[in-house]
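Take a look at the letters that make up each chain.
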Amino acid sequence: MGLSNFSNKVSDFTVSTDPVFKCRDCHATATREEMSNYGCRCVRCYESWCRQAPAYIPQKDYGTDPKGWAKRIIDKHNDGQRVSPIALKFAQEALGSRHGV
Ligand SMILES: [Zn+2]
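Just so you know, these numbers come straight off a predicted model, no measurement behind them. (Residues numbered from 1 in each chain as written. Predicted model: local features only at pLDDT ≥ 70, side-chain atom pairs only at ≥ 80, totals over all residues.)

On to the overall build of the protein, then. When its secondary structure is counted, the protein shows five helices and two strands. Each of the 101 residues in the protein was classed as buried or not, and the buried ones make up 11%. (Helix = DSSP H or I, 4+ residues; strand = E, 2+ residues; numbered from the N terminus. Buried ≥ 20, exposed ≤ 12 C-beta atoms within 10 Å, placed from the backbone.)

Below, the structure written as structure tokens:
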């Protein structure tokens, strides 16, 4: 493989590494870095999402977990933070156990 061939491959790669990523909230195009760093959001949406999301939420794998919301409530409760008793009850039921609470 000659150098020019290699260069072609490199430039192909450079062009194709960033197919169009779209923010899942505002559908603006975003970079791959933004997508991976901010959970498929652009920086703007990530920041506004952060403002809405309570700061206690650790970046666990809640995102792909259908019961992530429940675990989040349980974790918050376990962390000694105030949780609505109803929310806690639903969370416990959703997880199908007392889950150490
Ligand atoms: Zn966005």
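Moving on from the coordinates now.
The next subject is the packing of helix α4 (residues 68-78) against helix α5 (residues 85-95). Describing two packed helices takes the angle between their axes plus the distance from one axis to the other. Where α4 meets α5, the axes come as close as 8 Å, and the angle between the chain directions of the two elements is 125°. Here α4 is positioned oblique relative to α5, judged by the angle of their axes. The element α4 and its partner α5 pack so that their crossing is left-handed. Judged by residue contacts, Ala70, Lys71, Ile73, Ile74 and His77 of α4 engage Ala87, Leu88, Ala91, Ala94 and Leu95 from α5. Among the residues making up the contact of α4 with α5, the classes are represented as eight nonpolar, one polar and one charged. (Axes fitted to C-alpha atoms, helices over the stretch in contact; angles between N-to-C directions. Parallel < 35°, antiparallel > 145°, perpendicular 65-115°, else oblique. Left-handed = near helix turned anticlockwise from the far one by under 90°. Contact = placed C-beta atoms within 7 Å. Nonpolar A, V, L, I, M, F, W, Y, C, P; charged D, E, K, R; others polar.)

Relative to the assigned elements, isoleucine 73 resides in helix α4. Note: C-alpha distance between isoleucine 73 and phenylalanine 90 (17 residues apart in sequence) is 9.3 Å. If near-sequence neighbours (up to four positions away) are discounted, isoleucine 73 is found in contact with Val83, Ala87, Leu88 and Ala91.

What follows is about unusual backbone geometry. Among all residues save glycine, negative phi is the norm, and among peptide bonds the norm is trans. In this structure, histidine 27 takes a positive phi of about 65° despite not being glycine. Classification of histidine 27 by C-beta neighbours within 10 Å gives exposed; the count is 10. Phi angles above zero are rare outside glycine, and cysteine 40 is one such case at about 65°. With respect to the element layout, cysteine 40 can be found in the loop between α2 (32-37) and α3 (43-52). Take cysteine 40: there are 17 C-beta atoms within 10 Å of it, and that puts it in the partly exposed class.

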